[in-house]
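Structural description and commentary
Chain residues, written in single-letter form:
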Amino acid sequence: MSGDREHRPLVVMKFGGSSVANPDRMKNVARRIIDKKREGNRCVVVVSAMGDTTDDLIDLSKKINADPPDREMDLLMSAGEQISSALLAMAIQAEGEKAAAFFAPQLGIRTDSVHTKARIVEIDGTRLQKEITNGNIAVCAGFQGLDASNDITTLGRGGSDTTAVALAVALKADVCEVYTDVDGIYTADPRVVPEARKIERIYFDEMLELASLGAKVMMNRSIEFAKKYNIPLHVRSSLNGNAGSWIIEEEETPMMERPIVRAVAADKDQARITAIDLPDVPGVAAKLFGGLAESNINVDMIVQSSSEHEIGKNDIAFTVASTDLKRAVERLKPVLKDLSGGSIVFSDDVAKVSIVGVGMRSHAGVAAKMFKSLAAAGVNIEMISTSEIKVSCIISRSKADEAVRRLHAAFELGRQAPVAAGA
Ligand code: ADP
Ligand code: ASP
Ligand code: MG
């Protein structure tokens, strides 16, 4: 191993589906990667499936089997990234650079066995280290891993972000660059709010909330990894050379202004389930949510209230991802039977809108301002949840975009935001 090579910075570059959606974009990405290498970097590339390939594969499966098993879904969906990684390596080779493509069985990425939302448990980077030491650009299929039985798993939608950050951690990369179809992280989804402003620097905790609350520009698990191992992320466009947004650790003495609200997010893939007239005795919530947890269904907001109909009874309302709604309702049926009481109502017509910012910690009245602005827009709030740095409301899905625009305007995010007292 040459001493020279070891000192060259190691960059993990991740390209999302839209960045490699067609052969021209693929070639453009190949040239960017080659430039990076020729600037003196060692490059590990993570690539997503081309364009809408993953959605198309899911649609195809539904035409064959209305309820396809998750294990086979993983094998099917991982094919998208297998194709794009091979093609991207070919595009690099066509420009005269050395590259090699890899998919899950070659990558040393070990996951648990929770098909379609597996978690990475270990990465053996030996093979990739060897490839880059030999001067190859390693092009890795994102989104996938292998479980203990050597079955292919996938990491959940948007999971190539997580592959990239996890590889950056395992290979001790100097930086992880995430190339996408926007210039960086904005104060709201720029497709919904045209006045949204690019954020130069945002903290891991804020980005983690935003990603978990529906800003799909980064997958939340990837931010968890980046925060845990303090890997700064640079999110930028694959279509231009503009500086993007840095996702970084929060400084003790802030180098930048801390706006009260950093950004607004909406998650339209939400469903609300209400278990009505449950017996008001210990252990009911444990049984209800225990059953869902056993089926790997994540529950988000939970609100419990005494029943309006009968004393000694409770209502528990909560939200799940809309893709989990059917399974959740099925799973709850035997639980209610066991509790000998209660019934279920549900709605798939909900969305969660949220405001996020570390400046909220030191500022009162933020939630009230949010509620007031939703009320002024005629938006009914069905559920509320708060944490130190976010406020979320469940509202009707049809009002989600309008609510985001109203909140973005109310907190003046389109221009220089006000600074929190004490920041
Ligand atoms: P990729 O295919 O590169 O992984 P994604 O489609 O997953 O890209 O994420 C990029 C998209 O995220 C953007 O096109 C944008 O519409 C959306 N998005 C949502 N919220 C934000 C935000 N706050 N800032 C930037 N983009 C956002
Ligand atoms: N192709 C996968 C998806 O569409 C993973 C990714 O794009 O990050 O979710
Ligand atoms: Mg994505």
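This write-up is about the structure you can find in this document. (Residues numbered from 1 in each chain as written. Chains lettered and ligands numbered in written order. Predicted model: local features only at pLDDT ≥ 70, side-chain atom pairs only at ≥ 80, totals over all residues. Heavy atoms only, no water.)

Taken together, Ile83, Leu87 and Met90 make up a surface patch of nonpolar side chains, about 270 Å² in accessible area. Among the secondary structure elements, methionine 90 is positioned in helix H4 (residues 70-94). (Patch = residues over 30% accessible without salt bridge, like charges linked within 9 Å, V, L, I, M, F, W, Y side chains within 5 Å. Areas by Shrake-Rupley, 256 points an atom, 1.4 Å probe, with all protein chains shown as cover. Salt bridge = Lys/Arg side-chain N within 4 Å of Asp/Glu carboxyl O. Helix = DSSP H or I, 4+ residues; strand = E, 2+ residues; numbered from the N terminus.)

Here the focus is the packing of aromatic side chains. Applying the stated rule across the entire model yields 3 aromatic pairs. Between phenylalanine 225 and tyrosine 229, the aromatic rings sit 6.4 Å apart at their centres with planes inclined by 20°, giving stacked as the arrangement. Seen from the ring of tyrosine 203, arginine 262 lies directly overhead, with NZ or CZ sitting 5.5 Å from the centre. (Phe/Tyr/Trp six-rings, centres within 6.5 Å; stacked < 30°, edge-to-face > 60°. Lys NZ or Arg CZ within 6 Å of the ring centre and 35° of its normal.)

By nearness alone, every residue bordering ligand 2 is listed as Ser48, Ala49, Thr54, Glu81, Phe143, Arg157, Gly158, Gly159 and Ser160. Contact between ligand 2 and glycine 159: an oxygen atom at 3.4 Å from a main-chain N or O atom of the residue. Contact with the protein chains hides 86% of the accessible area of ligand 2, taken as 260 Å² for the molecule alone. Here the shell around ligand 2 is built from residues that sort into 2 nonpolar, 5 polar and 2 charged. (Near = heavy atom within 4 Å. Polar contact = N/O pair within 3.5 Å; in protein donor to acceptor, adjacent residues only side chain to side chain. Nonpolar A, V, L, I, M, F, W, Y, C, P; charged D, E, K, R; others polar.)

A word on the packing of helix H8 (residues 204-212) against helix H9 (residues 220-228). Look at H8 against H9: their axes get within 8 Å of each other, and the N-to-C directions meet at 165°. The angle between H8 and H9 places the two elements in the roughly antiparallel class. Both H8 and H9 take part in a crossing whose hand is left-handed. Across the interface between the two elements, Phe204, Asp205, Met207, Leu208, Ala211 and Ser212 of H8 pack against Asn220, Ile223, Glu224, Ala226 and Lys227 of H9. (Axes fitted to C-alpha atoms, helices over the stretch in contact; angles between N-to-C directions. Parallel < 35°, antiparallel > 145°, perpendicular 65-115°, else oblique. Left-handed = near helix turned anticlockwise from the far one by under 90°. Contact = heavy atoms within 4.5 Å.)

Below, the discussion takes up the site of ligand 1. Taken together, 18 residues surround ligand 1, and among them Thr180, Asp181, Tyr186, Asp189 and Arg191 come closest. Threonine 180 places a side-chain nitrogen or oxygen 2.7 Å from an oxygen atom of ligand 1. For ligand 1, an oxygen atom lies 2.8 Å from a polar atom in the side chain of aspartate 189. Taken by itself ligand 1 offers 570 Å² of open surface, and the protein chains cover 90% of this.

What follows deals with the environment of glycine 184. Relative to the helices and strands, glycine 184 is located in the loop between strand S9 (175-180) and strand S10 (201-203). Sequence separation of glycine 184 and leucine 210 is 26 residues, and the distance between their C-alpha atoms is 13 Å. If near-sequence neighbours (up to four positions away) are discounted, glycine 184 is found in contact with Lys198, Val217, Val235 and Ser245.

Turning our eyes to something else, we now look at the sheet that holds strand S3 (residues 99-102). As summarised here, the arrangement of the 8 strands in space is S3-S6-S2-S1-S9-S11-S12-S10, forming an open sheet in which the pairing is mixed. A strand with exactly one partner marks an edge of an open sheet, and here the two such strands are S3 and S10. Recorded for the sheet is a direction-independent mean angle of 20° between the axes of neighbouring strands. The sheet contact formed by strand S1 (residues 10-15) and strand S2 (residues 42-47) spans 6 bridges and is parallel. Note that in S2 the partner of phenylalanine 15 across the bridge is valine 47. Packing against the sheet, helix H2 (residues 23-38) makes contact with S1, S2, strand S6 (137-141), S9 and strand S11 (233-237), and its axis sits at approximately 170° to S1. Where helix H6 (residues 126-133) meets the sheet, it contacts S1, S2, S3 and S6, and its direction lies at approximately 165° from that of S3. (Pairing = 2+ DSSP bridges.)

So far we have only geometry, and geometry alone does not tell us how the molecule works.
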